[in-house]
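Survey of secondary and tertiary structure
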Amino acid sequence: LSILLSFLVAAHTTRSPDCGGILTPSGLRYLAEVSKPHAESVLRRDLMVSPGSDPSPTSPSSRNKITSVKVDKFSLTLIPDTGMQLSIEVDLGITSAPSTTKEMRLSILAELHVEMNPEGNLELVTSDCKPTLEEVQSTEEMDRSGPHKSSGSDMDKQINIEKICLEVSKLLLFPNERLMSLAAPFPITPSCQVQYLPLAAPMYSEQGIIISLQTTFQVAGAVIPLPVSPVPFSMPEPASSSPSHLILAFSEHFYTSLFSALEESGALNVSLLSSLTTATLAERITQMGSLFQEDLPVVLQAVTRSSPHVVLEEDKAVVQLFLTAQIGAGSSLFQSFLSVNVDVTARLHLSVVDTRMIISVAAIEDIELSLATSDVGPVLAALLEELFLPTIREEVPAQINVVLRQGVFLPHIASFTYTDVNITIHKDYVLIPCNLQLEARAG
């Protein structure tokens, strides 16, 4: 076994989580709450005789018709180390010939857990299900015969409670189609996509259901190699039970990978039009007058020269960008006359809208300019800083924010969005506790 495990570890060294989430017990309660009307609708459709049907006189339904279905109780409970327990109690109104109505109670107790199928998708599985059907006596009958329930075996064939158990997971609002949507690719820019891949089946602790995810980024349809995470990431479990439905966590490596993907797609390359022209520049740098005969706008075309890096500290996130700017003249026919390395350290602001994380460059904290060519003296270097720093300070954040303004989709399942979001930045990771909100259906 140890030899087999060593092979598995070697094969999965590149597969390590960089983000994840904990669905808390209160989140499970919310999912049960919004699933209750859905479950009632499904059971009503499956159990009640449709109008206009003409059952055979020999069939049980000719004697007994289910005329009402009401879900009285619907709960999801966490079972640490195992999974979840689903408990449903359904009141059924039964009309039998000639016009007698009686009430029956359908109880379903099922154990559920989430597995990872061979395709790598998470799948909700029923591991055990116990349905019972009992007749509930009227108050008058209970006075006469005592507080007991009689068996509903006459109805067992008609209701086919075993079939209900086979499809019990469909009574929840997050069936397997929605779980698969967790791993769908989401756009960041027209050429860049993000995808969150589950690494294994979830774990179940007292704090909630813990899912570890690995992020992949695609540029122009191809998965790009990312920097290797120096530290393995594991979901930070809260010390006590959280009132939030869900706690998302993102590692420092996730943000560095995101900016690396944007760099790979060319989205971080910027073109900066300065307020200077070749004529105004010639007033300070005399050599410029002989280079350009006409007055042209001065432009900086900056491209990344190495991968960006994000650093997370307590209550603070910064991105470090490493650019090389060609300073030149002319907008249509660009003529470069100087190459400058620009290292920018910028503060990041994080927020969440619906299911997207909005990342923006809030302020530049530090800029370093260094001449890429060494044959220019220190006086000119200082002059270039004076002339171009204001443009870089203003335009670099503005252009990067245009790229980022659509936001980055968070891991989520279809039809649910996030509310009551509280973002906290810690050393090495970002924690996002939030509540789930079922989206209203159109129409």
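Residues numbered from 1 in each chain as written. Predicted model: local features only at pLDDT ≥ 70, side-chain atom pairs only at ≥ 80, totals over all residues. Heavy atoms only, no water.

Looking at an unreviewed UniProt entry, one finds the protein named TENP protein and attributed to Chaetops frenatus.

**Topic: the pattern of salt bridges**
As a reminder of what qualifies: A carboxyl oxygen of Asp or Glu within 4 Å of a side-chain nitrogen of Lys or Arg is what we treat as a salt bridge. Per-residue accessibility, obtained with a 1.4 Å probe over protein chains only, is compared with the maximum for each type, and a residue is labelled buried under 20%, exposed over 50%, and partly exposed between these values. Secondary structure counts use DSSP, requiring at least four H or I residues in a row for a helix and at least two E residues in a row for a strand, with both numbered from the N terminus.
In the structure shown here, the tally under the stated rule is nine salt bridges. With a shortest N-O distance of 4.0 Å, aspartate 128 and lysine 130 are connected by a salt bridge. We classify lysine 130 as exposed; its relative accessible area is 53%. A salt bridge links arginine 347 to glutamate 365; the nearest nitrogen and oxygen atoms lie 3.6 Å apart. Highlighted residues: arginine 347 in strand β16 (residues 335-353) and glutamate 365 in strand β17 (residues 356-371), separated in sequence by 18 residues. For arginine 347, a relative accessible area of 31% corresponds to the partly exposed category. Owing to a relative accessible area of 39%, glutamate 365 belongs among the partly exposed residues under this scheme. One salt-bridge network, held together by shared partners, links Glu89, Asp91 and Arg105.

**Quick word on the environment of leucine 296**
Put simply, the rule reads: Contacts between residues were defined by any pair of non-hydrogen atoms, one from each residue, lying within 4.5 Å.
Relative to the helices and strands, leucine 296 resides in the loop between α10 (287-291) and β14 (297-313). In this structure leucine 296 touches Thr277, Thr278, Ala329, Gly330 and Gln335, once residues within four positions along its chain are discounted.

**Observations regarding the side chain of glutamine 195**
In plain terms, the rule: Polar contact criterion, stated in full: a pair of N or O atoms within 3.5 Å, where within protein one must be able to donate a hydrogen and the other to accept it, and residues adjacent in sequence count only if both atoms are side-chain atoms.
Residue position: glutamine 195 is located in strand β8 (residues 192-198). With a relative accessible area of 17%, glutamine 195 lands in the buried category. A distance of 2.8 Å separates the side chain of glutamine 195 from the backbone oxygen of alanine 183, its partner in a polar contact. Once residues within four sequence positions are removed from consideration, glutamine 195 is found in contact with Ala183, Ala184, Pro185, Gln214, Thr215, Thr216 and Gln218.

**Considerations on a negative patch on the surface**
Definition in use: The patches described consist of residues with a relative accessible area above 30% and no salt bridge, like charges being joined within 9 Å and nonpolar side chains (Val, Leu, Ile, Met, Phe, Trp, Tyr) within 5 Å. The Shrake-Rupley method, run with a 1.4 Å probe sphere, supplies the accessible areas, and residue values consider only the shown protein chains as cover. Only four residue types enter the tally: Lys and Arg on the positive side, Asp and Glu on the negative side; His and the chain ends are excluded. Taken as the charge centre is NZ of Lys, CZ of Arg, CG of Asp or CD of Glu, depending on the residue.
Together, Glu313, Glu314, Asp315 and Asp428 make up a region of like negative charge exposed at the surface. Note on placement: glutamate 313 falls in strand β14.

**A closer look at empty space enclosed by the protein**
The cut-off we apply is this: The distinction between a cavity and a pocket rests on a 1 Å grid over the protein atoms alone: a 1.4 Å probe fits inside a cavity but cannot get out, while a pocket stays open yet meets protein on both sides within 12 Å along at least five of seven lines, and a residue with an atom within 4 Å of a point counts as lining. Grid points are joined across faces, edges and corners, and a volume is the space filled by probe spheres set on the points. All residues other than Ala, Val, Leu, Ile, Met, Phe, Trp, Tyr, Cys, Pro, Asp, Glu, Lys and Arg, Gly among them, are scored as polar; the first ten of these are nonpolar and the last four charged. Annotation comment: domain bounds sourced from an automatic or database domain assignment.
Scanning the model with the defined rule gives one cavity of 30 Å³ or more in all. The calculated volume of the largest cavity comes to roughly 400 Å³. Lining the largest cavity we find 23 residues, and of these Leu23, Leu182, Ile211, Leu246 and Ile413 sit closest to its centre. Examining the composition of the lining of the largest cavity, we find that four residues originate from one element, strand β1 (residues 19-23), more than from any other. Its residues placed into classes, the lining of the largest cavity shows 20 nonpolar, three polar and no charged. In terms of domain composition, the lining of the largest cavity takes at least three residues from each of domain 1 (25-47 + 64-137 + 160-180) and domain 2 (183-426).

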